[in-house]
Amino acid sequence: MNARLLFALAIVALLCINAQHGADGGTRADPIGTPVSGLITGTTTWTESGSPYKVIGDTLVDPAGKLTLEGGTKVIFTLGTKLTVDGRMLSNGTILKRVTFTSSQDQPSTADWAGIWVNSTGSAEFTNTNIHYSVAGINVIGGKVIVRNSTMSFHYLSAVRAGEGANVTVTDSVISSCEYDGLMYNNRSAGAVLRNKI
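The rules behind these values
Residues numbered from 1 in each chain as written. Predicted model: local features only at pLDDT ≥ 70, side-chain atom pairs only at ≥ 80, totals over all residues. Heavy atoms only, no water. Phe/Tyr/Trp six-rings, centres within 6.5 Å; stacked < 30°, edge-to-face > 60°. Buried < 20%, exposed > 50% of the residue type's maximum accessible area, 1.4 Å probe, protein only. Helix = DSSP H or I, 4+ residues; strand = E, 2+ residues; numbered from the N terminus. Lys NZ or Arg CZ within 6 Å of the ring centre and 35° of its normal. Core = buried A, V, L, I, M, F, W, Y, C linked by side-chain atoms within 4.5 Å. Contact = heavy atoms within 4.5 Å. Salt bridge = Lys/Arg side-chain N within 4 Å of Asp/Glu carboxyl O. Pairing = 2+ DSSP bridges.

**Here we look at the packing of aromatic side chains**
No. 1: Across all of its chains, the model carries 6 aromatic pairs by this definition.
No. 2: Centre to centre, the rings of W46 and Y53 are 4.8 Å apart; their planes meet at 10°, and the pair counts as stacked. Across this residue pair, the class does not change: W46 and Y53 are buried.
No. 3: Between Y133 and F154 the ring centres are 5.0 Å apart and the planes differ by 10°, which places this aromatic pair in the stacked class. Separated by 21 residues along the polypeptide, Y133 in the loop between β11 (129–132) and β12 (138–140) and F154 in the loop between β14 (151–153) and β15 (160–162) bring together distant segments of the chain.
No. 4: Every member of this aromatic cluster is reached through a ring pair, and the members are F77, F101, W113 and F126.
No. 5: Looking at K82, its charged tip hangs above the ring of W117, at a distance of 5.2 Å from the centre.

Laid out in structure tokens, this is it:
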């Protein structure tokens with residue numbers, strides 16, 4: 001090989017090494033998409049192009065806030081984190097581009113994350129949405145939730161838990177591999193369960 005070719009190969013090798021190590025000598029993290037935590041206020045939209053949204057700390061939709069997830073959006077949760085809805089949330093998946101909420105772990109298991117919590121001032125709609133690997137997928141504490149054409153699986157307790165005062169409707173959805181109940185409704189909750197496979 002001539003000297004120019006050897007010099008060029010040496011430069012490429014140095015660039016590759018530099019890409020793998022930060023200034024402090026540590027390995028740089030791979031791109032993780034969009035990290036999220038804390039308070040969501042106003043109108044916010046999560047998109048497929050911004051995915052995955054990595055929940056690195058508990059995240060709350062403010063009572064005056066609205067969070068919309070477009071079709072194809074993926075949300076991954078680090079261990080023990082949750083998404084709480086005191087305002088409004090719309091998970092607008094489509095048949096071809098579903099919205100997904102799941103664990104961030106390479107080998108996920110039930111109870112990796114704490115689920116989606118909809119409180120008394122909150123409302124949420126899930127259409128063509130996948131929810132997997134939490135303690136309980138959707139927890140409704142007095143709020144209103146509609147689930148349509150969605151898939152929920154591998155939850156430690158239930159896919160949906162409707163507490164006292166909750167109004168929860170689940171239709172045309174598939175619920176599987178929950179260690180306790182697929183759906184759990186408090187006797188003081190309301191709603192409907194229609195055409196599901198549990």
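**Description of the nonpolar core**
No. 1: Of all hydrophobic cores here, the largest spans 36 residues; its most connected members are M89, F101, I116, F126, I138, V145 and M152.
No. 2: Counting residues per element, this core draws most heavily on strand β3 (residues 53–61), at 3 residues.
No. 3: For F126, the residues in contact, after removing those within four places along its chain, are M89, S91, F101, I116, I131, I138, V145, I146, V147, R148 and S150.

**Considerations on the pattern of salt bridges**
No. 1: Within this structure, the stated rule accounts for 4 salt bridges.
No. 2: As a salt-bridge pair, R188 and E164 come within 3.4 Å of each other at their nearest N and O atoms. One end of the pair, R188, is in the loop between β18 (183–185) and β19 (190–194); the other, E164, is in the loop between β15 and β16 (167–171), with 24 residues separating them in the sequence.
No. 3: Of the charged contacts in the structure, one is a salt bridge between R195 and D172, with a shortest N-O distance of 2.8 Å. Remark: D172 occurs in the loop between β16 and β17 (174–176) and R195 occurs in the segment after β19; sequence separation between them is 23 residues.
No. 4: R195 sits in the exposed class, given a relative accessible area of 59%.
No. 5: By relative accessible area, which is 31% here, D172 ends up partly exposed.

**Some details on the pairing of β3**
No. 1: Sheet topology note: the strand β1 (residues 34–40)/β3 ladder contains 6 bridges and is parallel. Of the residues in β3, the one forming a bridge with G38 is T59.
No. 2: The sheet contact formed by β3 and strand β5 (residues 74–77) spans 3 bridges and is parallel. Paired with Y53 across the bridge in β5 is V75.

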